[in-house]
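Observations on the three-dimensional arrangement
Now for the letters of each chain:
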Amino acid sequence: MNRYDYLIAGGGVIGCSIAYRLAKSGLSVAVFDAGSAGTASRAAGGMLGAQNEFEFENPLMDIAIESRAMFAGLQEELLEESGIDIELRQAGLLKVAASENDLPALLEQYGFLNGKDASVQWLEPHEVPLAEPCMSDKTAGAIYLEKDTQVKAPLLAKAFLLSAVNAGVHVYEQTPVQQLVVENGQVCGAKTSIGTIQANRVINAAGAWSGDLFKETGFTPPVIPVKGECISIKLNGEAPLKTVFAVDGCYIVPKRNKEMLIGATSYPNSFDTSVTAGGIRSLLNRAAHLLPVLNEGTIERTWSGIRPQARDQLPVIGAHPFVSGLYLCTGHYRNGILLSPATGLLMERFLTGCPETAKRLAPFSPARFLTQKEEATV
Ligand code: GLY
């Protein structure tokens, strides 16, 4: 391969979803990952909380709902392309007020979500265990989101990666992209640890690591790492089916075979991947308060992952403000898994010049972070 149409830095669900769509439309694509492709994506809980995650109007919400709706078709498509079942589980999500203190915020969110979608229901404390028999009757109430679903994140990451490879994408793992190669203001490739790779366009989809890439361009996205710890518990007897999400951010995602994934702590500005006793203790206490049956389970494993959070907590998607041919697609923060299908499709449309897509993506443009002085130079 002499020259790729696209070089993508970052082999997580975002990078591989874009790579897959571009390759499917006949373009040549190489994905480079500094480590093992999809490390951060594999750590995710896999919630598709397109309603759960939004408490007020947000330009991302429509895209999140669209992306959630893509999963049923995607499950079949990726199974065909990669042989991997992403284990989509459509059992709904309960967003719970663990105590009276959480009620005002949750009722406000209920008003917002129900005003948009009448299928969103409010459950009084005694109704919560009727909706999910494993739930405690000692909560202060819950929102029931029947459309919020979940997948197994490590399988989704692998399925996107394999589907991209099967569509012709070249994937280079343990191969960091080091520096952009620019001629006359136009990208023509990147220097990597295996040499210079020629490409017409380069996409920075390196998630939490994207802020450190291409500093030489004079603009990098203000994206920080936010570490999160998780634990999985195996139940033998009765097990919940619905995802449970507490207002304080602790969640329990029931996977197949009665594996309960419990997440996640939140430590901004940390690339550290250790798992602390205090973090796990806090998750277990909060989770077992909602689902007492967890106390009977056995601990399977603990791990941590790194979320990419932009300064305003919205993704950063679009053209680099100073360098022609360089694009950013990062900052998906808590919603990388959920947003991965729509992001791949939107990026493919954006990069092939679709004006409606450019308009939809405008709120996420990297240029929103420019200072007035920088804007004047663009
Ligand atoms: N998506 C949930 C989390 O980031 O913890």
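Residues numbered from 1 in each chain as written. Predicted model: local features only at pLDDT ≥ 70, side-chain atom pairs only at ≥ 80, totals over all residues. Heavy atoms only, no water.

**Structural notes on empty space enclosed by the protein**
Evaluated as defined, the whole model comprises one cavity of 30 Å³ or more. Among the elements that take part in the lining of the largest cavity, helix α8 (residues 336-351) stands out by supplying five residues, more than any other. Here the residues of the lining of the largest cavity sort into 10 nonpolar, two polar and no charged. (1 Å grid on protein atoms, 1.4 Å probe; cavity = no way out; pocket = protein on both sides within 12 Å on 5 of 7 lines; lining within 4 Å. Points joined across faces, edges and corners; volume = space filled by probe spheres on them. Helix = DSSP H or I, 4+ residues; strand = E, 2+ residues; numbered from the N terminus. Nonpolar A, V, L, I, M, F, W, Y, C, P; charged D, E, K, R; others polar.)

**Some points on the nonpolar core**
When a protein is soluble and globular, its nonpolar side chains tend to lie buried together. Core analysis: the largest hydrophobic core is formed by 72 residues, its most contacted members being Ile8, Leu156, Ile203 and Met347. With near-sequence residues (within four places) excluded, Met347 lies in contact with Ile18, Ile203, Ile317, Tyr327, Leu328 and Cys329. Grouped together as the second largest cluster of nonpolar side chains are 25 residues, Ala98, Ile231, Ala246 and Leu290 included. (Core = buried A, V, L, I, M, F, W, Y, C linked by side-chain atoms within 4.5 Å. Buried < 20%, exposed > 50% of the residue type's maximum accessible area, 1.4 Å probe, protein only. Contact = heavy atoms within 4.5 Å.)

**A short note on the pattern of salt bridges**
A complete count under the given rule lists 16 salt bridges for this structure. In this structure, the salt-bridge partner of Lys147 is Asp117, at a minimum N-O distance of 2.9 Å. Remark: Asp117 occurs in the loop between α4 (103-116) and β5 (121-123) and Lys147 occurs in the loop between β6 (142-145) and β7 (149-150); sequence separation between them is 30 residues. (Salt bridge = Lys/Arg side-chain N within 4 Å of Asp/Glu carboxyl O.)

**Things to note about unusual backbone geometry**
Glycine aside, residues mostly have negative phi angles, and peptide bonds mostly take the trans form. Despite not being glycine, Glu87 has its phi angle at roughly 55°, a positive value. When you line up the elements, Glu87 lands in the loop between α3 (61-82) and β4 (93-96). Classification of Glu87 as buried rests on a relative accessible area of 18%.

**As for the pairing of strand β13 (residues 243-246)**
Burial of the side chains of β13 extends over both faces: Thr243 and Phe245 are buried on one face and Val244 and Ala246 on the other. Judged from the four bridges that link them, β4 and β13 form a sheet pairing that is parallel. Bridge pairing links Leu93 to Thr243 in β13. Where β13 lies against strand β14 (residues 251-254), two bridges are found, and the strand directions are antiparallel. By the bridge assignment, Val244 is partnered in β14 with Ile252. Hairpin geometry of β13 and β14 is characterised by an intervening segment of four residues between the two adjacent antiparallel strands and by a positive phi of about 100° at Gly249. (Pairing = 2+ DSSP bridges.)

**Focus on α8**
Helix length check: α8, at 16 residues, gives a terminal C-alpha distance of 20 Å against a target of 22 Å (1.5 Å per residue), a shortfall beyond 12%. Of all bends in α8, the biggest is about 35°, found at Ala342. In terms of burial, α8 is a largely internal element, 14 of the 16 residues being buried. Positive phi shows up at Gly353, right after α8, with a value of about 90°. (Expected span 1.5 Å × (residues − 1). Bend = angle between axes of the 7 residues up to and from the residue.)

**Quick word on the side chain of Lys255**
Tracing the backbone through its elements, the reader meets Lys255 in the loop between β14 and β15 (259-263). We note that Lys255 is buried and unpaired, the nearest opposite charge coming from Glu87 at a distance of 7.3 Å. In this structure the side chain of Lys255 is engaged in a polar contact, spanning 2.8 Å, whose partner is the side chain of Gln150. Aside from chain neighbours lying at most four places away, what touches Lys255 is Gly45, Gly46, Arg89, Gln150, Val151, Lys152 and Leu261. (Lys, Arg positive; Asp, Glu negative; His and termini not counted. Polar contact = N/O pair within 3.5 Å; in protein donor to acceptor, adjacent residues only side chain to side chain.)

**Comments concerning the site of the ligand**
The environment of the ligand is made up of Met47, Tyr251, Ala264, Arg307 and Arg334. Here an oxygen atom of the ligand and a side-chain polar atom of Arg307 are 2.7 Å apart. Between the ligand and Arg334, the relevant distance is 2.7 Å, taken from a nitrogen atom to a main-chain nitrogen or oxygen of the residue. Burial of the ligand by the protein amounts to 86% of the accessible area it has alone, namely 200 Å². Here the shell around the ligand is built from residues that sort into three nonpolar, no polar and two charged. (Near = heavy atom within 4 Å. Areas by Shrake-Rupley, 256 points an atom, 1.4 Å probe, with all protein chains shown as cover.)

**Some thoughts on the layout of surface pockets**
Approximately 560 Å³ is the volume found for the second largest pocket. Along its surface, the second largest pocket is lined by 25 residues, and Glu53, Phe54, Glu55, Gln313 and Arg334 are the ones closest to its centre. Broken down by element, the lining of the second largest pocket gets its largest block of residues, four residues, from α4. Of the residues belonging to the lining of the second largest pocket, the class tally is 11 nonpolar, seven polar and seven charged.

**Brief notes about the packing of α3 against α8**
Interhelical geometry of α3 versus α8 gives an angle of 90° and a closest axis separation of 8 Å. Classed by the angle they form, the pair α3 and α8 counts as roughly perpendicular. For the pair α3 and α8, the contacting residues are Ile63, Ala64, Ser67, Arg68, Met70, Phe71 and Leu74 in the first and Ile337, Leu338, Leu339, Ser340, Pro341, Ala342, Leu345 and Leu346 in the second. For the contact of α3 with α8, the class distribution of residues is 12 nonpolar, two polar and one charged. (Axes fitted to C-alpha atoms, helices over the stretch in contact; angles between N-to-C directions. Parallel < 35°, antiparallel > 145°, perpendicular 65-115°, else oblique.)

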